[in-house]
There are 2 protein chains.
Amino acid sequence: MPAVAGPEIERLIQLLARLPGLGPRSARRAALHLIKKRELLMAPLTAALETAMEKIEVCRTCGNIDTHNPCTVCTDPRRDPSIIVVVADVADLWALERANAVNGRYHVLGGTLSPLDGVGPQDLSIDQLVSRAHDPQVKELILALNATVDGQTTAHYITELLRDSAVKVTKLAHGVPVGGELDYLDEGTLSAAIKQRTLF
Amino acid sequence: MPAVAGPEIERLIQLLARLPGLGPRSARRAALHLIKKRELLMAPLTAALETAMEKIEVCRTCGNIDTHNPCTVCTDPRRDPSIIVVVADVADLWALERANAVNGRYHVLGGTLSPLDGVGPQDLSIDQLVSRAHDPQVKELILALNATVDGQTTAHYITELLRDSAVKVTKLAHGVPVGGELDYLDEGTLSAAIKQRTLF
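What counts and how
Every chain is numbered on its own, with residues counted from 1 as its sequence reads. Each chain is given a letter, starting from A, and each ligand a number, starting from 1, according to the order in which they appear as written. Given that the model is predicted, a residue must reach a pLDDT of at least 70 before its local features are reported, and side-chain atom pairs must reach 80 or more before they are shown or counted; all residues, however, enter totals for whole chains, interfaces and linings. As a rule here, side-chain values come from all non-hydrogen atoms in the structure, and water together with hydrogens is ignored. When a carboxyl oxygen of Asp or Glu is within 4 Å of a side-chain nitrogen of Lys or Arg, the pair counts as a salt bridge. Buried residues are those whose accessible area, probed at 1.4 Å on protein chains only, stays under 20% of the maximum for their type, while exposed residues exceed 50% and partly exposed ones sit between those limits. Where helices and strands are cited, they refer to DSSP runs of H or I of at least four residues and of E of at least two residues respectively, numbered from the N terminus. Where each domain starts and ends follows an automatic or database-derived domain assignment. Using only the protein atoms, space was sampled on a 1 Å grid; points where a 1.4 Å probe fits but cannot get out form cavities, open sets with protein on both sides within 12 Å along at least five of seven lines form pockets, and lining residues are those with an atom within 4 Å of a point. Grid points are joined across faces, edges and corners, and a volume is the space filled by probe spheres set on the points. Just so you know the grouping, Ala, Val, Leu, Ile, Met, Phe, Trp, Tyr, Cys and Pro go in nonpolar, Asp, Glu, Lys and Arg go in charged, and all remaining residues, Gly too, go in polar. For helices, the fitted axis covers only the stretch in contact; all axes are lines through C-alpha atoms, and the angles between them, taken along N-to-C directions, range from 0 to 180 degrees. Under this scheme an angle from 65 to 115 degrees is roughly perpendicular, one under 35 degrees roughly parallel, and one over 145 degrees roughly antiparallel; angles in between are oblique. In this scheme, a crossing is called left-handed if the near helix is turned counterclockwise away from the far one by less than a right angle; it is called right-handed if the turn is clockwise. Any two residues having at least one pair of non-hydrogen atoms within 4.5 Å are treated as being in contact. What gets called buried area is simply the loss in accessible area from a 1.4 Å probe that two parts show on being joined, summed for both. For the purposes of these results, a polar contact is taken to be a pair of N or O atoms within 3.5 Å, where, inside protein, one atom must be able to donate a hydrogen and its partner to accept one; residues adjacent in sequence count only when each atom of the pair is a side-chain atom.

### Topic: the pattern of salt bridges
In a structure, side chains of opposite charge can pair up when their charged atoms sit close to one another.
Residues and elements named next belong to chain B.
Next up, step 1: Applying the stated criterion to the full structure yields 14 salt bridges over all chains.
Next up, step 2: We note a salt bridge from E39 to R38, for which the minimum N-O separation is 3.3 Å.
Next up, step 3: According to the relative accessible area criterion, E39 is exposed, its value standing at 56%.
Next up, step 4: Residues R79 and E97 are paired through a salt bridge, measuring 2.8 Å at the closest nitrogen-oxygen approach. Note that R79 is positioned in the loop between helix 4 (72–75) and strand 3 (83–87) and E97 in helix 5 (residues 90–99), a separation of 18 residues in sequence.

See the structure below:
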């Protein structure tokens, strides 16, 4: 775009375009929207980002992100300390929390093993997980990893590492997604759903 | 979502979700992306927003937004001062500049007349436009307004107001969009394209 609006606006558009979900065109719309809603949106968003810059940290125990360290989840006394849910990413932790699926604590690996992309065990927080798993109050590790090759490779690797420990290692059930239609599902999911069928 | 990540992150997500093009889910992804790319993206975006908050103004001449007032377009000596392109919104101005379609100056109305939504002439910068149009160096007003009922109502209203002035009032051509396929076009566009046909 020729310089109609000054380099400052161009820079704002370029940075917004780097957010996931926004392309160059929607970043322009977003920038214009921000400028129009200067007091109602741009000012509070600027302040929220300043606060985030200042306060948000990675939890030294579990790898969650929060404004407290250790994070709210790790320090919540109502959570069951005997369960650690292992996730690849903070987004997965948030998804499980939204589902209100489990009342344990978490461990964020920071990714999954991926030999093709050069991600090895030393790139993930697997050592920290193993030492947390050896804490006598931990009874169960739920591996909530993606049902992809990399996710399952990582799950196997962790299971092997903890083979001789007292902790129980479990994984998520495979099956038909709630609300899912059978004729849209792949064969692997269907056969897993049949194999792991439960009593009505 | 239960409070896993502290109110500061929640607030950031809520504000991001108010940007056009981002919903609650993509706002969470965007927030997480910002937090992960703290130095590479969150810091520069925060700075860009701070600059925008501080510097961006609405041009008192044409209604464009810029860090200068009057704006870069209004003060550019290479632009033809005899042409004023009338647009409803700054986004339209940007679109015309990207197309590099015209080398005149602009006038941003701030919307279109819309009796149903209660938008009357006093809500738009029509008075300012009329007084700019009476400047003797202005020869032509190009009404670059949407081809919608509201856009065309606004165009008619402005044309009537300037009926007795010396300025020439023109509007955008109707026709087949470049790259457009005839059998996807509506009848109105096709018949306009036939009526306004030009020599090969």
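### Examining the domain arrangement of chain A
Next up, step 1: According to the domain assignment, chain A contains domain 1 (13–55) and domain 2 (65–171).
Next up, step 2: On a C-alpha basis, the centres of domain 1 of chain A and domain 2 of chain A stand 33 Å from each other.

### Regarding the layout of surface pockets
Next up, step 1: Here the largest pocket defines a volume of roughly 420 Å³.
Next up, step 2: Surrounding the largest pocket, 14 residues form its lining, L145, N146, A147, L172 and A173 of chain B being those nearest its centre.
Next up, step 3: Breaking the lining of the largest pocket down by element, the ones donating at least two residues are helix 5 and helix 7 (149–161) of chain B.
Next up, step 4: When residues in the lining of the largest pocket are grouped by element, the largest group, three residues, is from helix 5 of chain B.
Next up, step 5: Here the lining of the largest pocket is composed, by residue class, of nine nonpolar, three polar and two charged.
Next up, step 6: If you go around the second largest pocket, you meet 17 residues; those closest to its centre are A144, L145, N146, A147 and L172 of chain A.
Next up, step 7: Ranked by residue count, the leading element in the lining of the second largest pocket is helix 5 (residues 90–98) of chain A, at three residues.
Next up, step 8: Its residues assigned to classes, the lining of the second largest pocket comprises twelve nonpolar, three polar and two charged.

### Examining the packing of helix 5 of chain A against helix 2 (residues 24–36) of chain B
Angle between the axes and distance between the axes: these two values describe a pair of packed helices.
Next up, step 1: Close contact between helix 5 of chain A and helix 2 of chain B brings their axes to 10 Å; oriented N to C, the two are set at 140°. Between helix 5 of chain A and helix 2 of chain B, the crossing angle belongs to the class labelled oblique. The way helix 5 of chain A lies across helix 2 of chain B gives a crossing that is right-handed. Seen from helix 5 of chain A, the contacting residues are V90, A91, W94 and R98 of chain A; seen from helix 2 of chain B, they are R25, R28 and L32 of chain B.

### A look at the interface of chain A and chain B
When the parts come together, some accessible area is lost, and that loss is often what is quoted as the size of the interface.
Next up, step 1: The partner chain B presents 58 residues to the 58 residues of chain A that form the contact.
Next up, step 2: Where chain A abuts chain B, roughly 5400 Å² becomes buried across the two surfaces, and 72% of that area is made up of carbon and sulfur atoms.
Next up, step 3: Applying the counting rule to chain A against chain B returns four salt bridges.
Next up, step 4: Residue K55 of chain A is joined to E8 of chain B by a salt bridge in which the shortest nitrogen-to-oxygen separation is 3.6 Å.
Next up, step 5: Between chain A and chain B we count nine residue pairs in polar contact (both at pLDDT 80 or more) in total.
Next up, step 6: Elements that contribute at least two residues to the side of chain A that touches chain B include exactly helix 1 (6–16), helix 2 (24–36), helix 3 (38–55), strand 2 (65–66), helix 4 (72–75) and helix 5 of chain A.
Next up, step 7: Per element, the largest residue contribution to the side of chain A that touches chain B is 16 residues, and it comes from helix 3 of chain A.
Next up, step 8: Here the side of chain A that touches chain B is built from residues that sort into 34 nonpolar, eight polar and 16 charged.

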